[in-house]
Amino acid sequence: MVIKHKWIFKTEAPWSDANQKMLALDTGSWRTERPVLDKSLCNYCGLCALYCPPQCMKDMGDHYEANLAFCKGCGICAKECPKKAYTMKPEGDFTNES
Amino acid sequence: MKAKKGQVSVMMGNAVAAYAAKLCRPEVVACYPITPQSEVAETISGLVADGALDAEIVEVEGENSAMNVVLAASMAGARTFTATSSYGLVYMYDAILQASGYRAPVVMVNVNRETPGIHAVSSGQQDMISTRDAGWAQIIVENNQEIIDQIIMSYRLAEDFDIQLPVMVNYDGYYLSYLNEEVEIPDQADVDAFLAPLKKQPQRPRIIPGAATGCGTHGMEMGYVEARYKHWAAMDRAKKKVDDIDKEFGEYFGRSYGGQIEEYRMADAEFAILASGSAAGTAKTVVDAKRAEGVKVGLVKLRLFRPFPEERLIQALKGKKAIGVIDRSLSFGWKYGPMCVELKALAPQIGSAPILSYIDGLANLDITIPHIGRVVDEVGAAAKGKPYQEVTWIPMEE
């Protein structure tokens, strides 16, 4: 068999750098509402980042912020946050964004 | 031979499996007990509790969790061990597929037992057969000594950098699981030395806390095709690797099993029987008896079922005048037993000899010496050109 395929994975098993490949899907466009953080309530426990299904929570040093290019608006961060620091707000409230 | 003589004891098959695993120093073990495997889980837990084995035992609520735990631990770089049977094997089916897809070198003992549908708490290979396309290497052993030796060899196969596949070591429930038999337990230092080459290999990729990595998560389009191709190619490479490891094991420990298949009195055999597991031991007795009568019969013991030992079987069976295959399981939708179907796929290369399928030993019904004697007589007659029955359910004709 003549392999013409250009290898995608450098490894034998399909491992890849999640920063490059895991966030490859445009899941941000699925969102109908987004998590908005009240920083005064956040104690930087990291549970939101742990539970986030697409793993798009960015570590900002003293709090976490959703990467909106990938956040699909599922609301799990808001549900799991023990401090109720996230509020899910409709995307319609942010129509002024480009 | 380089190894020193190990300790000789009379041990039950399940205890033997646990001691063999212990000698390989797994770092994470997760087993859920199930008949006829329970003593594997009990014994290895005891070894950890007594301080004989330094491993993390994860107590799980079922087999699905057991496989997910050892899979995750394997992905983090740990050597792992688990054991199951029948319902347990099918309950972890999705995780079995994940383990092979992630190329996690998990070593698992599967104590062969009949599967759900008919509540058969009895021996049979239906469980193993039901996972044959799951992408695992599947090896079947014949006796308690082979259980120990094959578990040790399985770590060399699974963790080989060129292979990276999970390995399932199968042995007959009841017949071996509860059989007390003389075994030689190799010395720990010798097992360490035999497994030492694994440490000199390149590091497998692994999950590292803080570093974002993904595995098996981006299998879309050509990502999927590439991962499957690599898996397929590794399965093909595993065949020769099984032979090489067996040869090396023989040179080191003085015991060797033929690798993918064991050929028993095959060199001058005119026709052959194919069997696996403990039934292959009985078949050797029958072959010896028939040989004493002047019947030129040989036995092929199938050890490696996945990947299927295509080349070795063709080499062993080419030109034989007839072949009888004894299956301890069924492939619903085919008339023939599963191993017979697979052998028939090699018929063009083997030659146009009759291949007779025998279904026997389901539900703990013994594959007896008279049963195999009958197989030898019928296959011998077919070899002489006499008419034959394509499929025979031996217990149904008794």
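Residues numbered from 1 in each chain as written. Chains lettered and ligands numbered in written order. Predicted model: local features only at pLDDT ≥ 70, side-chain atom pairs only at ≥ 80, totals over all residues.

A.B. asks: Please clarify how the overall build of chain A should be interpreted in this entry.
C.D. replies: Summing up its helical and strand segments, chain A has two helices and five strands in all. Reading chain A from its N terminus to its C terminus gives the helix and strand order β-β-α-β-β-α-β. For a compact globule of 98 residues, the expected C-alpha radius of gyration is about 13 Å, and chain A comes in at 17 Å, more than 25% above that figure. Intrachain contacts of chain A at a sequence separation of at least 6 include 68% that bridge at least 24 residues. (Helix = DSSP H or I, 4+ residues; strand = E, 2+ residues; numbered from the N terminus. Rg over C-alpha atoms; globule rule 2.2 N^0.38 Å. Contact = placed C-beta atoms within 7 Å.)

A.B. asks: What is the right way to look at the overall build of chain B in this model?
C.D. replies: Across its full length, chain B holds 14 helices and 16 strands. Its C-alpha radius of gyration of 21 Å places chain B within 12% of the 21 Å reference for a compact globule of 398 residues. Split into buried and exposed, the 398 residues of chain B put 53% on the buried side. Considering only contacts within chain B whose residues lie at least 6 apart along the sequence, 79% involve residues at least 24 apart. (Buried ≥ 20, exposed ≤ 12 C-beta atoms within 10 Å, placed from the backbone.)

A.B. asks: Teacher, can you tell me more about the sheet that holds strand β11 (residues 271-275) of chain B here?
C.D. replies: The pairing of strands in a sheet happens through backbone hydrogen bonds and is either parallel or antiparallel. Residues and elements named next belong to chain B. Taken in spatial order, the six strands line up as β10-β12-β11-β14-β15-β16 in an open sheet, and their pairing is mixed. Each edge of the open sheet carries a strand with a single partner, namely β10 (261-264) and β16 (391-393). Neighbour to neighbour, the strand axes of the sheet diverge by 20 degrees on average, direction disregarded. Sheet topology places strand β14 (residues 323-327) next to strand β15 (residues 355-359); five bridges connect them, and they run parallel. Across the sheet, the residue bridging to V325 is S357, located in β15. (Pairing = 2+ DSSP bridges. Axes fitted to C-alpha atoms, helices over the stretch in contact; angles between N-to-C directions.)

A.B. asks: What am I meant to see in the pairing of strand β5 (residues 107-112) of chain B here?
C.D. replies: In regular strands, side chains alternate between the two faces of the sheet. Residues and elements named next belong to chain B. Where burial is concerned, most of β5 is hidden: six out of the six residues are buried. Judged by which residues are buried, β5 turns out to be covered on both faces: V107, V109 and V111 on one side and M108, N110 and N112 on the other are all buried. Bridging between strand β4 (residues 80-84) and β5 involves four bridges; their strand directions are parallel. Pairing of A83 across the sheet is with V109, part of β5. Two strands pair when backbone bridges link them, and β5 and strand β7 (residues 167-172) are joined in this way by six bridges, in the parallel orientation. Of the residues in β7, the one forming a bridge with V111 is Y171.

A.B. asks: Where do I start with the sheet that holds β7 of chain B in this structure?
C.D. replies: If you trace the seven strands from one edge of the open sheet to the other, you get β3-β2-β4-β5-β7-β6-β13 (chain B), paired in mixed fashion. Where the open sheet ends on each side, the last strands, each with one partner, are β3 (56-57) and β13 (304-306) of chain B.

A.B. asks: Hey, could you run me through the domain arrangement of chain B in this one?
C.D. replies: Size of an interface, as often reported, equals the accessible area lost when the parts are brought together. All names here are of chain B. By domain assignment, chain B separates into domain 1 (7-253) and domain 2 (261-397). Its C-alpha centre places domain 1 at a distance of 28 Å from the equivalent point of domain 2. Contacts between the two partners involve 27 residues from domain 1, matched on the other side by 21 residues from domain 2. Secondary-structure elements contributing two or more residues to the side of domain 1 that touches domain 2 are α6 (126-129), β6 (137-140), β7 and α9 (222-253). The element contributing the most residues to the side of domain 1 that touches domain 2 is α9, with five residues. (Domains from an automatic or database assignment.)

A.B. asks: I keep staring at helix α1 (residues 13-23) of chain B and nothing clicks. Help me out?
C.D. replies: Side chains three or four residues apart in an α-helix point the same way, a direct result of the helix having 3.6 residues per turn. Residues and elements named next belong to chain B. In terms of residue burial, α1 counts as a mostly covered element, since 11 of its 11 residues are buried. Along α1, the residues classified as buried are G13, N14, A15, V16, A17, A18, Y19, A20, A21, K22 and L23. Once α1 ends, the next one or two residues include R25, with phi positive near 55 degrees.

A.B. asks: Sorry if this is basic, but what is going on with the packing of helix α10 (residues 278-292) of chain B against helix α14 (residues 369-383) of chain B here?
C.D. replies: In helix packing, the relevant descriptors are the interaxial angle and the interaxial distance, both defined with respect to the helix axes. Residues and elements named next belong to chain B. Relative orientation of the contacting elements α10 and α14 amounts to 55 degrees, with a least axis distance of 9 Å. Looking at the two axes, α10 sits oblique to α14. α10 and α14 meet at a crossing whose hand is right-handed. Residues T282, A283, T285, V286 and K290 of α10 form the contact with α14, whose participating residues are I369, I372, G373 and V376. Here the contact of α10 with α14 is built from residues that sort into five nonpolar, three polar and one charged. (Parallel < 35°, antiparallel > 145°, perpendicular 65-115°, else oblique. Left-handed = near helix turned anticlockwise from the far one by under 90°. Nonpolar A, V, L, I, M, F, W, Y, C, P; charged D, E, K, R; others polar.)

A.B. asks: Explain α14 of chain B to me, please; I cannot follow it from the model alone.
C.D. replies: Residue and element names in this part refer to chain B. Here α14 contains 15 residues, and its C-alpha end-to-end distance of 21 Å stays within 8% of the 21 Å for a straight helix at 1.5 Å per residue. Buried residues of α14: H371, I372, V375, V376, V379, G380, A382 and A383, and no others. A positive phi of about 95 degrees marks G385, the residue just after α14. (Expected span 1.5 Å × (residues − 1).)

A.B. asks: Even after reading the chapter, I still don't get the nonpolar core, so can you show me in this structure?
C.D. replies: One broad trend across soluble globular proteins is that nonpolar side chains are buried collectively. In this structure, I273 and L274 of chain B are the most contacted members of the largest nonpolar core, which totals 124 residues. In this structure, this core is formed jointly by two domains, domain 1 (7-253) and domain 2 (261-397) of chain B, each of which donates at least three residues. Judged by nonpolar contacts, the second largest core, of 13 residues, contains C48, C77, C81 and Y86 of chain A. (Core = buried A, V, L, I, M, F, W, Y, C linked by C-beta atoms within 7 Å.)

A.B. asks: How should I be thinking about the packing of helix α3 (residues 63-75) of chain B against helix α5 (residues 93-101) of chain B in this particular structure?
C.D. replies: Residue and element names in this part refer to chain B. For the pair α3 and α5, the least separation of the axes is 8 Å and the interaxial angle reads 15 degrees. In this view, α3 runs roughly parallel relative to α5, as classed from their interaxial angle. The interaxial crossing formed by α3 with α5 has left-handed handedness. Contacts between α3 and α5 involve N64, M67, N68 and L71 on the former and, on the latter, A95, I96, Q98 and A99. Class assignment of the residues belonging to the contact of α3 with α5 gives a composition of five nonpolar, three polar and no charged.

A.B. asks: Would you take a moment to explain the environment of T87 of chain A for this structure?
C.D. replies: All names here are of chain A. Mapped onto the secondary structure, T87 falls in strand β5 (residues 86-90). A sequence separation of 72 residues divides T87 from W15, and the C-alpha atoms of the two residues are 35 Å apart. Here T87 is in contact with V36 and A78, once residues within four sequence places are set aside.

A.B. asks: Help me understand unusual backbone geometry in this model?
C.D. replies: Excluding glycine, a negative phi dihedral is what most residues carry, and trans is how most peptide bonds are arranged. Residues and elements named next belong to chain B. Cis geometry marks the peptide bond from T35 to P36, where omega comes out at 5 degrees. You can see P36 is positioned in the loop between β2 (28-29) and α2 (38-49). At the junction of R306 and P307, the peptide bond is cis and its omega measures out at -10 degrees in the coordinates. With respect to the helices and strands, the residue P307 is situated in the loop between β13 and α11 (310-317). In this structure, Q164 takes a positive phi of about 50 degrees despite not being glycine. Overall, Q164 belongs to the buried group, with 23 C-beta atoms counted inside 10 Å.

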